[in-house]
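Coordinate analysis (summary)
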Amino acid sequence: MKQLSRAISLRIALPALLSLLLFIVSIFLIILPALERSFMAGKREMIKELTETAWNVLATYESWEEEGRLSRQEAQEQAIAHIRNFRFGSNAMNYFWINDLSHKLVVHPYRPDMEGQDSTTFTDPTGKQIFIEFVRVAQEQGAGYVEYMWQWLDNPERIAPKLSYIKLFEPWGWVVGTGVYLDEVHAQVGAMRKKLTAISSLFLLGAILLVLYSIRHTILADRVRVRIWEERGHLIKDLEKNKERYRALVETTSDWIWEMNPKGQFTYSSPNTRNILGYTPEEIQGKTLIDLCPPGRRARFGPLFNQLLAKEQPFYGFESICLAKNGQERVLEVNAVPVCELNEEFTVFRGVARDVTDRKAAMIELRQSRDRLRASLEDTVTSLASAAEQRDPYTAGHQLRVDGLACAIARELGLSSDQIEGLHFSCILHDIGKMSIPAEYLAKPTALSNEERAIIKCHSRAGYEILKNIQFPWPVAEIVYQHHELLDGSGYPRGLRDDAILLEAKILTVADVVEAMSSHRPYRPSLGREAALNEIRSGRGSRYHPESVDACLHLVNQNIVELSSQTW
């Protein structure tokens, strides 16, 4: 990884650094000199244009002389005054001067002491005879550039190199000129060079940072790439292992694993099809489940299977009866899911089929056994209820009528079939405890005394004691124990309140009260339907379960259940 990092660094850094070096060389050896030359050319052009401007001023006054508006002396004096006051530059101190062809200085703003004097012998520190050079260039070329040494503006103590442009004004024999100090030009060029150097340094620094950033992230990316390749190798190995594991699972599982196209034709079959149907995978290839179905069942099975395929949705627990190679019918439980390609286009179903023939036979046998057991239980419970009614002939049929009303209420409330079945057995047995009550109390034609009533109230507990050791699938004994309990705790035998009372017991209580008041008793005639309904209506929510009361009233008012002493 270190070697890789060094190679990456060199591969990125060398081209970048060479490009930067080329950029810097081009700036300082090509671009900057060209800028300096261009800047100097601009200065030369500037002083030329300025000199032309001063020359035009002289020409203006000379034209006024020609027109007779001014005399030559007046025109020259006014022109001199005008030129003397000309200034330019950043500090407005650069100036113009005039000398004549006899080397006398006509006007100089900062050297009035030299005006009118012969300057033939005047030389700069290098020995150059400046004014002779001015006159020579003017006479030979008419105009031109002259480089020399001269005092710095108005400071005669400082001598600096200067470049001037002079032009001959022939009508008056004058040479007019102006110039720029080369030190000032060089200072401006130096400032420009410093600025370019600073900008180049910033570019260089930024480029170096970008190179370092690129190197770092490229190294990181290559590390990730190497790690990805390593992980890819591991994944390929794991994939091969998983493929072998999957193949082993498919070939050794007891289920039949398959794949079929959208038409339902098998495109793959696991070897276990031999154990289930007796066919080899090659014999299954191209067939459908409909082809494997017994001929007599295809008319019903085919449309159902084709509908499942057309939906292109997963399906589970679909039972298919297939004819094995030996002619036996086998029941298969089929589960399948559709498989789509990357473009989300459905391609195949993949699924598993399990042989549930033996399980189906066992379930049928279990269901028959359960039905026989339920029938036996029903007979036993009915026999127990009949035995109780033999002790109380005046209430014969009471338990069956309570059972009918209570189960109707339970269905109206939406209880499950299992709960309703448990309620049914509880209703049939709810007065089983009366077997322990003296028969003369049960058949007494007059009102019971308090002691007799207290003994009869014990039938709930007695019923519980009789039933508690019988292994019902439902809490039958507890429902019988609670069927005289009321929501407000005023019931018996335990004074239970709302939350402590089972729902089935609440329903049984309502049905028991309505039936008891609607039927004849040894000590009174029937109180009638309205009295029974008024009782549960007045106790709704306080003594009786409100939903059960509402359901009972609905059943009676809609004539779904008939309450009358004749009918009952």
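The rules we used
Residues numbered from 1 in each chain as written. Predicted model: local features only at pLDDT ≥ 70, side-chain atom pairs only at ≥ 80, totals over all residues. Heavy atoms only, no water. Phe/Tyr/Trp six-rings, centres within 6.5 Å; stacked < 30°, edge-to-face > 60°. Helix = DSSP H or I, 4+ residues; strand = E, 2+ residues; numbered from the N terminus. Buried < 20%, exposed > 50% of the residue type's maximum accessible area, 1.4 Å probe, protein only. Lys NZ or Arg CZ within 6 Å of the ring centre and 35° of its normal. Pairing = 2+ DSSP bridges. Axes fitted to C-alpha atoms, helices over the stretch in contact; angles between N-to-C directions. Contact = heavy atoms within 4.5 Å. Core = buried A, V, L, I, M, F, W, Y, C linked by side-chain atoms within 4.5 Å. 1 Å grid on protein atoms, 1.4 Å probe; cavity = no way out; pocket = protein on both sides within 12 Å on 5 of 7 lines; lining within 4 Å. Points joined across faces, edges and corners; volume = space filled by probe spheres on them. Nonpolar A, V, L, I, M, F, W, Y, C, P; charged D, E, K, R; others polar.

**Examining the packing of aromatic side chains**
Taken as a whole and judged by the stated rule, the model has 24 aromatic pairs. On the numbers, 4.5 Å between centres and 40° between planes, the contact of Trp152 with Tyr181 is tilted. Separated by 29 residues along the polypeptide, Trp152 in strand β3 (residues 143-152) and Tyr181 in strand β5 (residues 174-181) bring together distant segments of the chain. The burial state of Trp152 is the same as that of Tyr181; both residues are buried. The rings of Trp97, Phe122, Phe131, Phe134, Tyr148 and Trp150 are connected pair by pair, giving a single aromatic cluster. Here the guanidinium or amino end of Arg44 rests over the ring plane of Tyr145, the centre of that ring lying 4.0 Å away. Sitting over the ring of Trp55, Lys167 keeps its end group 4.4 Å from the ring centre.

**What to know about the sheet that holds strand β4 (residues 155-169)**
If you trace the 5 strands from one edge of the open sheet to the other, you get β2-β1-β5-β4-β3, paired in antiparallel fashion. Bordering the open sheet on either side are β2 (105-107) and β3, each of which pairs with just one other strand. Between one strand axis and the next, the sheet turns through 35° on average, direction left out of account. With 10 bridges connecting them, β3 and β4 associate as antiparallel partners. Bridging from a neighbouring strand, Trp152 pairs with Asn155 of β4. Strands in contact with helix α2 (residues 72-84) are β1 (96-100), β2 and β5; relative to β2, the strand with the most contacts, it is inclined by about 75°. With respect to the sheet, helix α3 (residues 130-141) is in contact with β1, β2, β3, β4 and β5, its orientation differing from that of β3 by roughly 165°.

**Re the nonpolar core**
Ile409, Ile536 and Cys552 are the most contacted members of the largest nonpolar core, which totals 34 residues. Residue assignment for this core shows that the elements contributing at least two residues are α10 (398-413), α11 (417-429), α16 (503-518), α17 (529-538) and α18 (546-557). Ranked by residues supplied to this core, first place goes to α16 with 8 residues. The contact partners of Ile536, leaving out residues within four places of it in the chain, are Val510, Val513, Val514, Tyr544, Val549, Cys552 and Leu553. Membership of the second largest hydrophobic core comes to 25 residues, among which are Trp258, Phe266, Phe318 and Val334.

**A word on empty space enclosed by the protein**
Taken as a whole and assessed by the stated rule, the structure comprises 3 cavities of 30 Å³ or more. In this structure, the second largest cavity spans a volume of roughly 60 Å³. In terms of lining residues, the second largest cavity is bounded by Tyr95, Trp97, His108, Phe131, Phe134, Tyr148, Trp150 and Lys162. Looking at the lining of the second largest cavity, the elements that each hand over two or more residues are α3 and β3. Residues of the lining of the second largest cavity, tallied by class, amount to 6 nonpolar, 1 polar and 1 charged.

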